[in-house]
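Observations on the three-dimensional arrangement
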Amino acid sequence: MNQDFAILELKYGNIYGGFPNFFAVAEISLLVFERRTNKIFLETFINTADVDYVSVYSKTDDLGHTISREREVVNMRTGRPRPYNEEFQHDEQGLRWAFRNLRPVHMNVKRFMWGAMRKYRVQTLVVFDGRRDIFLCEKAGVEFYNTNIFDLQKALNKETDYLFSLNKLSKVINFRLDGSYLRSNNLEYWLHPIAAKQIIPGTAGWDAVRLLMVHNEYEMHHQDFIMKAALLLNKIQKRKEEKALAAGEELPKAPPAMGGDKGKKKEEKKPGKI
């Protein structure tokens, strides 16, 4: 329970105009949380290859519910976005050029991850729907065989029978970044100003600090977390029903029951994850 841990978040996407099953790493954030002092350390890797990739992100409403999935094209070197054209396809020469620019990435990812995990003696990694994040690191040569990996989304899905997104959970805990302070319903942590400047919405660092606060609320204030999650799902359900009634459509299926006796039972049985 008192072990330090690290949060791992990656940003990645397909090469624009390339193969749909090939993913290139654009950014990595490894956030280390020191329990005894509540200190936060943030290490970031940015891929500076001159390659355009497709960034997929969710547009959400004020409840964190996904309205649509959007795509944009981002250049890894400059970070500049531009509109996505689904008809665009690279010719063979263009693909060779992109793959040549990406050639050093595996070595750079391996060096970054190995150095950061050794520096902080990381033994436990917390991820959120992290199968592909782990796969892409392993593909670059990173080894996790001595590392305990805890996937918070998977654990929550098992407990609540609902697949939460990080956007929804950020609303559940009332996450906010106030200057150099990370705040949520029950927690507050100070960030070094240099680290705070790296926390920009849409980046791996932004997802890493949100996941840190979600994880610690889940672990340290579990019953409150589950109750507030249930309240949010009820609000989302009510909004869906209102829209369905207004449109004369069939009412949507209700979310699973959460909180109450079920939440208490989970709280009593829940072991320390970290």
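Preceding block: the structure.
As a convention, each chain's residues are numbered from 1 in the sequence order in which they are written. With the structure being a predicted model, the display of local features is reserved for residues of pLDDT at least 70 and the display and counting of side-chain atom pairs for 80 or more, all residues being used for whole-chain, interface and lining totals. Excluded from the side-chain calculations are hydrogens and water; all other atoms, namely the structure's heavy atoms, are used.

In summary, the side chains of a regular strand alternate between the two faces of the sheet. A pair of strands counts as paired when DSSP detects no fewer than two bridges linking them. Only DSSP runs of H or I reaching four residues or more are called helices, and only runs of E reaching two or more are called strands; each is numbered from the N terminus. Summarising the sheet, strand S4 (residues 52-60) and strand S5 (residues 66-75) pair through nine bridges and their orientation is antiparallel. Directly across from Thr 60, in S5, lies its bridge partner Thr 66. With antiparallel pairing between neighbouring strands as the criterion, S4 and S5 make up a hairpin whose turn holds five residues, including Gly 64 at a positive phi of roughly 80°. The sheet contact formed by S5 and strand S6 (residues 81-83) spans three bridges and is antiparallel. Each residue of the ladder has a partner; that of Glu 72, found in S6, is Pro 83.

Considering the arrangement of structural elements, one finds Thr 160 in helix H4 (residues 152-160). Any pair of nitrogen or oxygen atoms within 3.5 Å is treated as a polar contact; in protein, a donor-acceptor pairing is required on top of that, and neighbouring residues in sequence qualify only through side-chain atoms on both sides. Among the polar contacts made by the side chain of Thr 160, one reaches the main-chain carbonyl oxygen of Leu 156 at a distance of 2.7 Å. Polar side-chain contacts of Thr 160 include one of 3.3 Å to the backbone nitrogen of Tyr 162.

Structurally, the position occupied by Leu 232 is in helix H8 (residues 222-247). By relative accessible area, Leu 232 is classed as buried at 8%. Residue contacts for Leu 232: discarding those within four places in its chain leaves Leu 63, Lys 168, Lys 171 and Val 172. Only protein chains enter the area calculation, which uses a 1.4 Å probe; residues under 20% of their type maximum are buried, those over 50% are exposed, and those in between are partly exposed. In what follows, a contact means two residues having at least one pair of non-hydrogen atoms within 4.5 Å.

So, on to the sheet that holds S4. Two modes of strand pairing occur in sheets, parallel and antiparallel, and in both the strands are linked by backbone hydrogen bonds. Strand order in this open sheet of three strands is S4-S5-S6, and the pairing throughout is antiparallel. Each end of this open sheet is capped by a strand with a single partner; those strands are S4 and S6. Sheet twist, expressed as the average angle between the axes of neighbouring strands with direction ignored, equals 45°. All axes here are fitted lines through C-alpha atoms, helices being fitted over the stretch that makes contact, and every angle between N-to-C directions spans 0 to 180 degrees.

A few words now on the sheet that holds strand S1 (residues 5-14). Ordered in space as S3-S2-S1-S7-S8, the five strands form an open sheet in which the pairing is mixed. Looking along the sheet, the strands with just one partner apiece sit at the ends: strand S3 (39-46) and strand S8 (148-151). Averaged over all pairs of adjacent strands, the angle between their axes in this sheet comes to 25°, without regard to strand direction. Note that S1 and strand S7 (residues 124-127) share two bridges and pair parallel. Residue pairing for S7: Ile 7 is matched across the bridge by Val 126. Contacting S1, strand S2 (23-34), S3, S7 and S8, helix H7 (residues 204-220) crosses the sheet at an angle of about 140° to S1.

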